[in-house]
Every structure is written in C-alpha cells, then in structure tokens.
Amino acid sequence: MPESLLFGFALAAFSPLIHRFARGATGWVMGALVAGLTVRFALYVPAITAGNPVRTCWAWVPPLGVNVSFYLDGLSLLFALLICGIGSLVAIYAGGSLRGHPQLGRFYLYLLAFMTSMLGVVLADNLLTLYVFWELTSLTSYLLIGFNHEDSRARQAALQALLVTVAGGLAMLAGFVLLGLAGGSFEISVLSGRGPALREHATYLPLLALILAGAFTKSAQFPFHFWLPNAMVAPTPVSAYLHSSTMVKAGVYLLARLSPVLADTAAWTAALSTVGAVTMVIGATLALLHTDLKRILAYTTISVLGGLTLLLGLGTSSAVVAAMALLVAHALYKAALFLVAGNVDHATGIRDVRQASGLARVMPITAAAAVLAAMSNAGVPASFGFISKELIYEAIWGLSARGLPLLAATFLANALLVTTAILVGVRPFFGRRTAMPHMPHETPIALWLGPLVLALGGLVLGLVPARTEPMLAAAATAVEGQPAHPHLALWPGFNVVLALSAVTVLGGIGLYLAWERVRRVVPLATITRFGADRGYDLTLEAMLRFGTLQTRVLQSGYLRFYLIIIILTVVSLAGWALLKGEGVVKLLAGRWPSIYEWIIAGLVPLAALLAILSQSRLTAVIALGTVGYGLALLYLLYGAPDLAMTQFAIETLTVVLFVLVVYRLPPLVRFANWPSRVRDAMVALAGGALMTGLLLAATARPGASSLSPFYAEHSLSDAYGRNVVNVILVDFRALDTLGEITVLTVAAIGVHALLRLLPGRKGPRL
Amino acid sequence: MRVLLVLPILVPLVTTVALLLAWGRRGLHRRISLAGAIALLAAAVGLLVSVWRHGILATQMGGWPAPFGITLVADLFGAIMVVLGGLMGLAVIVYSLASIDRGRERFGYHPLLHGLLMGVCGAFLTGDIFNLYVWFEVMLISSFVLLALGGEQAQLEGSIKYVALNLLSSALFLSAVGILYGTAGTLNMADLSQRLSAADRPTLVTAMAMLFLVAFGIKAAVFPLFFWLPASYHTPPVAVSAIFAGLLTKVGVYALIRVFTLLFVQDPAFTHNLILLIAGFTMVTGVLGAAVQGELRRILSFHIVSQIGYMVMGLGLLTVAGLAGSIFYIIHHIIVKTNLFLVSGVVHRLGGSYQLSELGGLYRVRAWLAVLFLIPALSLAGIPPLSGFWAKLMLIRAGLESGRGTIVAVALGVSLLTLYSMTKIWAEVFWKAPPGKQSEPAPRKPAAHERLRPRDRLLLYGPVAALATLTVLIGLWAAPVFALAERAAEQLTHPAGYIAAVLAERP
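Remember, predicted model here, so these are calculated numbers, not experimental data. (Residues numbered from 1 in each chain as written. Chains lettered and ligands numbered in written order. Predicted model: local features only at pLDDT ≥ 70, side-chain atom pairs only at ≥ 80, totals over all residues. Heavy atoms only, no water.)

J.: What exactly am I supposed to notice about the pattern of salt bridges here?
T.: Side-chain pairing between opposite charges can occur once the charged atoms of the two side chains come close. Scanning the model with the defined rule gives 27 salt bridges over all chains in all. For Arg 195 of chain B, the salt bridge is made with Asp 191 of chain B, and the minimal N-O distance between the two is 3.5 Å. Placement of the pair is Arg 195 of chain B and Asp 191 of chain B together in helix H8 (residues 189–197), with a separation of four residues, close to one helical turn. Connected through salt bridges with shared partners, the residues Arg 55, Asp 125 and Glu 187 of chain A form a single ionic network. (Salt bridge = Lys/Arg side-chain N within 4 Å of Asp/Glu carboxyl O. Helix = DSSP H or I, 4+ residues; strand = E, 2+ residues; numbered from the N terminus.)

Here it is, written out as structure tokens:
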C-alpha cells in the first residue's frame, strides 16, 4: 500500500518526461498504469471483505505523534478503488480532451500528484499524516483549477477554492491536535477504540467543531459550498475527477472515518443532519436555476454531498449503508455526466443546456452513456442509483416521527435531482437539432470510453447488487465500528419506500416540464447577491481595506512618528511594570544624590533645553558641548578623573568638528508647528522621566559590584598595568575593544564609500 | 575543542582583515570572500557537532575567570544560530558573485559582509551582556554601511530610518545594561541569572526587563516597533536584503529568547504573557501589511515581521515544546526567507521589475524557477510536508498543550493569510500573462535579453536550489531537526547547565 503511493508520486514526477516521449499516447499510458494500480487494490478485496484490515507504520517524527502509518479496511479500500478506477478513466479522457495542449505534461503531474495525495488521505491512519495529504489535495486542486492560468477567472476560482479548503484544513489541524492530545494517540485505529472516553472529554466540543470545519469546507457544505461551482472553470477532467467524484468526498470520508471516534452524540447528529439537509436542498435548488451544464452538475454534487453528510449524521446502521451505496452510485454517474458534458462542449462548443439538443444522432455513444448515467442519477429501477435511493428512503423512513422534516427535505432534493438528471443527461440529446458553433460529431474513443464505462458500471452494479454487498458491508463495518449486514435487492417489492421513489421520479419529471417557468420566476441574480460567494468577496475586501488602513497608520513613512511610538512603548511598558509592583516611592527609598550632583543634574537639562530652543546651529552645538561637559563633571565627582579627561577631550573635539561642518550647512529652518512641538516635548519628557526614575531607583540601593575589587586587585599583579581602566580595555575585556575597533574600521569604509561611490558611476547591477 | 568557540568570530575577522589588505583587487576579493564564507560554515558546523556531542561549551577570553573577563559560550541554540549564519553567509556570497556590481565590490562590499557575519556570530556566542552590545554595534554599523553602499536616493532614505531607529534601540540596550550592572554588579549572563533570581527588588528587575524587551524588540522587528524593517529592506541590492532578511531580525529574536529564558524569568505571568500578546499582534499586523503590498520585496519584508511573531510565540509560552517550536521556526524561516529574497532577485533579473503588476508569464517559460519559488513560498505558508509545516505544527501543539487557544487561532489565521500572499505572488509573477503582451503569442523560449550567462545561472540558481533542497529535506526528515530543536529548548528552560558551564569553567 505505501508502495502504491510511492508509485503514484513517482509517476506524477516523471509524467512531463513520459509525455515528452509518448506525446499523443500519454493518456493511454497513464490510464494503463493507473489501471494497474486499481488492480493492485482490487487484489486486497478478498482479505478486506473477510475482515482482515492491513496496517503499516513507519516513524516520522515520533515525539510529535507523527507516523507514516496506513490502514486499509473496507472504507479506505472502497475509496481507493474509486480513486484509482475513475482516475485511470479520467487520465485516458484527459489525453483526448487536452490533446496538443502545451502544458499537458504538467497537467498529468498535477493530476497524478492529486490522485496519490487523495489515496494518501484515505489510507492514512495517522491524523497528521492524513492532514499532510489533505493539504496536498488542496494544493494540487489549486494548480488544476488554475490550469488555464492566463485566464483571470481561473486564477480567482483557484484561489477561492484554496483559501476556503485550507482555512477549513487549518481548523481541522487544530482539531486533530486537540483530538490527539485528548486521546493520547494520533493513530485513528487506536482512537477508534477510545471513542466513549473521548466523547466525554472536556475538549470534545471544540475539537468536533474544528474537525467539522475541515470536513465541511472540503466537501462544500453550506455555507462553504460556493467555491465548488466556481471551480468549474477547470478543465473537464478535473471537474469530473476532483470536484465530483473524489476530492470533495474527502470531507465525507473524514466524517465516516472518525465516526467510531466522534459520532453518536447530540452535537454530532444535530450538526451533521442540519448542515447536510440544508446543503442537500440548497444545492439541488440552485442546480435547477443554472443553465451551464457544468454548473448544474456542480450544484447537484453539492446536494449529494449534503445527503452523504446527513446520512453519516444519522449514523444508524441503515443510514451508513445507504451512505456507502450513494457514494458509489454518485461517483459513477456524476463522473460520467461530467465527462459527457465535456464531450458536448468538445463536440459542439456549447455548455448552455438550453442550446444543446438533438445530439443523439451524431453522438450516439456519448448519448447512451449520458442516458444510462442520468437513469442512475434519477434513481430509475435497474440502476445502482435506484438501489441507493431506496436505501436512503428506508434509512430515513425508519426514523419515525422525528425524521419527517428530513424525509421531506430528502424527497424534495431527490425530485430536483431527477429534474437535473433529465436536463443534463437527456435533454441535449433529443429533440430538434439547432445551430451550433462547431459541426457536432462523435468524439474519439478516448473521450467516450470513460463515460460509457462509468455509466455501464452503474447499470451492472444495479443489476447484480448482491455482488457489491461484501464491499459495502466492509465499508459500513469500518464506519459503524461493528459488523454491518446490508441487504441490497434489485427489486425491493411493493412498499412505502418504493412508492416514495416512484413519486420522486414523477415529481422530478413534472418539475422538468415546468423548468422554464420556474427559472423565470426565481430571481437568480438576487440570490447570488446575498449568497455566500458574495460573503467571501466582502470578507476578502474588508481584510484588504483593514490591511491598508492599519499599514498606513503604523508604517506612516515619518521617522518622527516611529520614534514617538517606540518611546511611548518603552514608557508605558516599563511604567506599567513599575506601577503594578511595589510602587515607585518604595523603589526610590535609599541613597539620594548629593547637592553637587543636583547642581550638575540641573545644568545638563538646561543646556539640552537651550540646544533645542536656540535658533542658531552654533549655539546649539555649544549647548550640546555643555551637556557633555556636565557629564564629564559627574565622572569627576565619582572619582574617575581619567574617564572625565577622555570625555572632555571628546566633547571638545566634537564641538570643533561640528562647528566646521555647521559652517557649510544652509540656515536652520523650523518645520514643526507648535502643537507638534508640544507633543514631541511631552513624549521626550515622559522618556526622560522614565530613565531618570529608573536610574534613581537603581542607584538608590546599588548592588555591590563583584568586578571592581577583582580588577583593582589583579590589574597590576596579573595584568601588569597600573591604570585599571586601561587594563580593563586591553586585557580584562579586550574582546569588547576588538569589537569597537571593528566598528570604527567599518565606519571608515562607510565614510569612504559614501563619499566616493555615487550612483551612476557603476556597472550593471541586480 | 574550545578553539571552535573562537573560530566563528575569528574566521570572519581574519577574512575582513585579508580583504582590507587586498583593497582594490576585485578578483582577489571575490576569492577571499568565498573562501572565508566556506571556512566560517565549516567552523560553525564543527562547533554544532561538538556541542551536540559534549554539551554546552564555554571558554574565557584572555584566561580571566568568569565573571571577570568575557565568556564565550555555545549552547545548542547558539550553535544552531551560528551554523545558520554561516550557511546564509555562504549562500548570499555565492549569489553576490553574480549579482553585485563592480562599484560596490570595489568599495568594500565583501569586507562589510564579513564584518556583519562577525557581529552576528559574536552575538550568538557571547556570554556577556555588554559584549553582546558590542556585537550589536558591529552588526549595526556593517549593516548600515551595506544598506547605504551605492548611495542611491531610496537607499539613503531607507538607511537613515534604519540607523536612527536602531541607534535608539542601542541607546535603550546600553541604558538597560548600565542599570542592570548598577543593580546586580555583574555583566556575565550566567552570573546575572543567579543574582537576578535572588534579587530583592523584583519590580526594578521587571522594569529593566521591559527596557530589554523594547531594545531587542526593535532589533527583532516586533509590533509596534518594526518600522525600520519595511522602510529599508527593499532598498539595497537583493543579496543584501537577503542576508538581512535571514539574519538581522533573528539576532534580535535570539537576544530576546536568551534574556527571557536566562535572566528575566521572575515574573512570567507578566513578562511572558506580554510577549505572547506582542507575538499575536506582530503576526497579524505583519501579514496584513504584506497582503496589501504590490512589490515583491516589500511583501517579503512584511512577512518577516509576521513570522517574527511565531518565533516569539514559543518564547511567550515558555515551555520546552514552545521554545523548541520557536527554534525550529527560526531554522526554517532563515533558510526560506533568505531564499525567497534570492528568488525575487532572479525574478527581477528576468522580468525587469519587482512590481507585481509589471511582471508575469514566468510559469510558461521558466518552469524550474517556478518550482524554486513554490518550495520556499509554500514552506513559508506552512504547507506540508515542507519545513514550515513542522514549525507551525510544533507551535500549535505547544500552544494547545498550554491551553492558549487564542494565540493558536491567531497563528492559524495568519498562516492562511500568508498563503494568500504567496499565491498572490505566484498568480501575478508566474501565472498571469506578461503585461502588455496578451495579444502576442507567448514565446516558448525566453527572449535573448532575459537569458542569463551560464556562469551567472550557476551562481544565482545554485544557492537558491541548495536552500530549496534543504527546505524539502527538513520537511521530509524532520525528526533530526526536531530532536536538535527540542534539546536546545531543554537547555534553555533549564539554565542550570548553562550557568554551570560558564561559571565552573576555569582556565
């Protein structure tokens, strides 16, 4: 099983290369190889249906609970077979429909990478490994939706699908981590045995909500359904494969997979059955209002996904079996119908259902496939769709009174689905032929093989439903956590459920006849204006607006504002720390500065004030010099005459240098007005007050320095220097001096380069 | 073995001196610079291996016993950072050989770069808080001159903001060191750690911690102190932006993590919750800033800010898992972010612009460049199984374990917006048709002026491909890196080992 994944990824990686050699035959080569993979999984069927799941595990990052572990039971095998089986037909189809496309090699790369990631999702036993593959399906879906990348609509739809599914995925990741932490393991097979305890756990509700967010976005449940119809800008093989039969089922798969762990609580049932039922009805209703073939199919897909969620939410034995049957039936007929729609588009250039008609005569094989698939879709007897619908009605009928609203919703949705089945699968092929952009013709074999095989599959399974029983039983067993014994019959006999089925079909036909009128009455434009799609646009827009605003406020471009914010941050943080503690007054208790210190301390700020207020640069420079001299005096007071001498020298030199430079500068201009000067003064005072306070507090009770005595003692004896300061600089802390020398050297390079290397005097640059 | 502690400082120093001696000889400069970068990486790897095998290493400069002299000390965290510094140095210098103009090379580009590396490595290895200040100064002056080198108007404007705000940070840092020395009477960090934990005036210590928080916060570019970064990073040549993006802010983060695990852990309910708050705001403001930019390097610059938030988040949690997440995130981020800047340079060379609106069509003609962009870009957004996914997962898990749901939600939301930004670049630069050329049939081969000379291609794509490969490898073989990060985090949360290594070390 892991080797299948390796094979898939390798095939994906080499597909551009294979395409270079195979050219026109790439589709067949890929189809054959993927079919081989299908056979590989089919060989597991006997063991799995006999109830012997397979598990493999390698450590990846064990301390995080991440293992590359796979688990093959009925559920994952059912999905794997669908993924590979449909994948192989779609690969063949793509070779025909995208023949001659310059990026066909890349297309197969993405398609096969998707297929393998999807296999990874359904095979993974470790939650986090599942997440890894889950995100890879989102990513490959992004690349595939945006395949026609120079079309801005394709780019937008790709982004939308990505953002919605990844947002859900991220929530799901948090849910997975919570689940793993609560359950003590990240292996689903382990967690399945701990279901009862987990459902009692304190974090059950949050983790359930987070995981459901992931499943609902991926499986396009209301109100996250909007990305799926927009994703129809993708090439048809992508729509047929990712966006109807496989990727969008990943959410449903997850719900089924985690049923033994999370299901059967009031929250689970309420969330799934409500969201599922609403999605089912809304999807089917919206399908009826559209005329684009692929969009209609997308909305019906949403509806079916809602139905699957609803069934898993009910969680009864019959509901789970019905879900598994619906899953298979839908995968077969919906992929077929998408490919049929692609063929119609391919042959006639038409995607609007109102314009296509009478194609059966020129496209007989496609038409046959379409009608068969539509039968299954509508649930006409002898199709697998009929059997699955019987099972659904049975499951919901069995709920007695509380199931009545659900029964009504299911009936409505199914009737609508019958209508759309006729719209998509029957209407384009019969009636009078009208004028079309292309001369219609039957498509080559690569294009009709896929839909025909899929549609026939629906018929064959419908005729011999008992043959599917073991597989469905194995899948349902995995979901329920206890053995399931479904009974599928071609003809259930006359009962209420059959009557419901019959009424559904009749209702659907009736709706079809009234379709034009219904469409005219319902204002689609109004619905879209308040729809979730619009909500997505508004959210994105609001995010960007807020981003612009906050960036304009924060990153204003004015250095003075940056300085103000920084100083205020220091003052408020340090001030907060001081105030919340034992209080400033207490901190300042202790030694206070002497009278001399006060005098100097008064002189320095005065000089600084003069430097700020003076109108002449020269005065300001001299005032600054006074500030420096004041500091030097302080050094003297503290008994550091050599330091004071250095400071005097430096200050004098600085003033002299300044005077030389100032001489050449233009006269001083004041830019700031009074209010801003007052504001700046307040900020400066606050900063100064903080530093003064901190220094007073620090010196009020100075800690005994352990360094000074050591230096005094060892300076002469060990370092052979009488001047302790010098010895500190060149011996005790020589590394500091080395660093400072480096600073000076670099500064010298800088001055040299800034003066000599000017723009325009150099060669080409990056 | 102790020589390994000195080498990461000594090698760049010797290289710088050699380059100064060879002033004006461009060919020689390029060779010395490359050799110096290789030697530094080798020394750094040697140090990391040694620390992994033997535990924390310390040595006393000049043979003066701690706390009287200056101690160099390498725990795993420091050693990892030195290796990353060496790696980025090498990658950027190789890239520079094909991208820095003659003028800049003649006027000291290479010595400045090695001066920068010396400052960075010194900061990672010093055990002395004042010495840390000195290395910050070395870094600041080197980066300032690198930023301004060339003297273009945008460069000068950016570098003035850069230097003004960073000097403010230095002033705060120095004041804080002074006050700290005044209260605790020592500068050695291990010694300080012991004295501060016994300090009788916790309020004063917390207030000093705030000064350090702001001083290092400016360097690390956290909210609301990050202004200098988006104001300056897009102005110099892209190789300079790349090394800055990879290393400079991370030195600030390093310093924050160092002092807030070793020195200021007296009142974590205040300090570390504050850090967590800052982390959240940093993530959000950075990513929103990026979302509205239309220039490649500006987008990437704002993302640096945003991701600093993640690195600080682990510190705010103050658990082994959280700090391990931070360290993993730093490793991942340095590699990926430097690489994205390098890719943006190639895009500029091929497309002639950094503006998204003026670019396009590279997906069709430059498939490999598209792949080389996609790897770091998706990793940055935390898409599995690349390095960024593990970094994100570790932090999320650590956050949830500590019951910090809010910051986890913020981190996840921000990673979605990061993905949004990255796909924006992807859609505009790679997918979109080149502007103004929609009507023409798109060329299968790039136009002649867009072609690179083979040697340039090797020098530009080589580092990019190497860093992308590293990103993928860290993603696929995450366990060793995880083990490294976790052990480094354990050393940080149990400072006794660090203190013992420094103070017990006698010449």
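J.: Would you mind going over the interface of chain B and chain A with me for this structure?
T.: How big an interface is tends to be stated in terms of the accessible area lost upon association of its parts. In this assembly, 121 residues from chain B lie in contact with 108 residues from chain A. A buried area of about 10200 Å², summed over both sides, lies between chain B and chain A, and 75% of it is on carbon and sulfur atoms. Of all residues in chain B, Trp 64, Phe 68 and Trp 431 of chain B bury the most surface against chain A, accounting for 9% of the area lost on that side. Between the two partners, chain B and chain A, sit three salt bridges. Its salt-bridge partner being Asp 128 of chain B, residue Arg 733 of chain A comes within 2.5 Å of it at the nearest N-O pair. (Contact = heavy atoms within 4.5 Å. Buried area = accessible area lost by both parts, 1.4 Å probe.)

J.: Which parts of the structure should I look at to understand the domain arrangement of chain A?
T.: Under the domain assignment, chain A is made up of domain 1 (269–522), domain 2 (559–698) and domain 3 (707–766). The centre of domain 2 of chain A, based on its C-alpha atoms, is set 26 Å off from the matching centre of domain 3 of chain A. (Domains from an automatic or database assignment.)

J.: Would you explain the environment of Asp 264 of chain A in this entry?
T.: All names here are of chain A. Within the fold, Asp 264 resides in the loop between helix H13 (250–262) and helix H14 (266–289). By relative accessible area, which is 59% here, Asp 264 ends up exposed. Each C-alpha atom, one on Asp 264 and one on Thr 692, is 66 Å from the other, the two residues being 428 residues apart in sequence. (Buried < 20%, exposed > 50% of the residue type's maximum accessible area, 1.4 Å probe, protein only.)

J.: Would you mind going over the packing of helix H12 (residues 268–291) of chain B against helix H13 (residues 296–317) of chain B with me for this structure?
T.: All names here are of chain B. Relative orientation of the contacting elements H12 and H13 amounts to 160°, with a least axis distance of 7 Å. In this view, H12 runs roughly antiparallel relative to H13, as classed from their interaxial angle. Note that H12 runs across H13; the crossing there is left-handed. (Axes fitted to C-alpha atoms, helices over the stretch in contact; angles between N-to-C directions. Parallel < 35°, antiparallel > 145°, perpendicular 65-115°, else oblique. Left-handed = near helix turned anticlockwise from the far one by under 90°.)

J.: Sorry, what's going on with unusual backbone geometry here?
T.: A negative phi angle is the norm for most residues apart from glycine, just as the trans form is the norm for most peptide bonds. Of note, the amide linkage connecting Phe 222 of chain A to Pro 223 of chain A takes the cis form, showing an omega dihedral of 5°. By the secondary structure assignment, Pro 223 of chain A is in the loop between helix H10 (204–218) and helix H11 (227–230). At the junction of Ala 66 of chain B and Pro 67 of chain B, the peptide bond is cis and its omega measures out at 5° in the coordinates. Phi angles above zero are rare outside glycine, and Ala 221 of chain B is one such case at about 65°.

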